[in-house]
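Descriptive structure summary
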Amino acid sequence: MGIADRRKPSSEGKLWRLCPFWQSGNGSPSSSSTQNFQQHKIRGRRHVDDTDTRSSPSKVSSVARSFLPTRRRLRLDPANNLYFPYEPGKQVKSAVRMKNTSRSHVAFKFQTTAPKSCYMRPPGGILAPGESIIATVFKFMEHPENNEKNEKQLDQKSNVKFKIMSLKVKAGMDYVPELFDEQKEKVSVERILHVVFLDVERPSPALEKLKRQLAEAEAAVEARKKPPPEIGPRVIGEGLVIDEWKERREKYLAQQQVEAVDSV
């Protein structure tokens, strides 16, 4: 029994020495190994945190940019609605003024949820910086089912909507609708305009403003129809140009001189 009791402690010591991470205490191999492992783990975490910190600004900025509202290139008047006079059975008109408030040329385009009953003039175009235009929108208004004036429909929004899109383009480009299909990723939706009907028998500021804008739009269309002013010699008499008249006179005088010499 004495021999067995003396060997038992040595076996236990060997067992603890084979598993140093199980031991605890200051200055022991097990404690130093555990500290080294923990320090290595902390340094790894710090490296990951530093990497995330360096890369986070770009990630955050890209995410933040996706939530920012699109910077508008066009200022619209009216800003949210298209006002139409309520006249069932007629083709009514609305107007919206668009101004390019950016520093570059901007192409615009109209889209509507009712292409069969609505159309725009012009349906699209290009505006230079600071340039403005009044677009006219035409809509055929059907008679109500009960063939009576529907008071509830007045001053309320219709289901018809209009979307105005914009696209930054280079100066000197010609407008073609395909621009918006070729550069879809750069197209911005400026506004979604709702249709609002106005009672023509009740004078209102919105109705008066609509009449003024329609008159300005018609005047602009008539001005574009006029031929550009002629540059060069002006026409006189029966349509002879001054330069041509001078040339003929010079030829006539020269011929007279030749005939005078021959006669002598």
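See the structure shown above.
So, here is what we can say about the structure in this document. It should be emphasised that the depicted structure is a prediction, and the values quoted were computed from it without experimental measurement.

Calculation rules
Residues numbered from 1 in each chain as written. Predicted model: local features only at pLDDT ≥ 70, side-chain atom pairs only at ≥ 80, totals over all residues. Heavy atoms only, no water. Salt bridge = Lys/Arg side-chain N within 4 Å of Asp/Glu carboxyl O. Helix = DSSP H or I, 4+ residues; strand = E, 2+ residues; numbered from the N terminus. Buried < 20%, exposed > 50% of the residue type's maximum accessible area, 1.4 Å probe, protein only. Phe/Tyr/Trp six-rings, centres within 6.5 Å; stacked < 30°, edge-to-face > 60°.

1. What to know about the pattern of salt bridges
- Scanning the model with the defined rule gives 6 salt bridges in all.
- Note that Glu218 is salt-bridged to Arg121, the shortest N-O span being 3.2 Å. Residue Glu218 is found in helix H4 (residues 205–225), and its partner Arg121 is found in strand E5 (residues 118–121); the two are separated by 97 residues along the sequence.
- Taking relative accessible area as the criterion, Glu218 reaches 30% and is therefore assigned partly exposed.
- The closest approach of N and O atoms between Glu222 and Lys225, which form a salt bridge, is 3.7 Å.

2. Regarding the packing of aromatic side chains
- A full pass over the atoms with the stated rule returns 2 aromatic pairs.
- Seen from their ring centres, Tyr86 and Phe197 are 5.8 Å apart, and the 75° between their planes marks the pair as edge-to-face. Of this pair, Tyr86 sits in the loop between strand E2 (81–85) and strand E3 (91–100) while Phe197 is found in strand E9 (residues 188–198), placing the two residues 111 residues apart along the sequence.
- An angle of 10° between the planes, with centres 4.7 Å apart, marks the rings of Tyr119 and Phe138 as stacked. With a gap of 19 residues between them, Tyr119 in strand E5 and Phe138 in strand E7 (residues 132–140) connect regions that are remote in the sequence.
- Given a relative accessible area of 42%, Tyr119 falls into the partly exposed group.

Everything listed here is a matter of geometry and, on its own, says nothing about what the molecule does.
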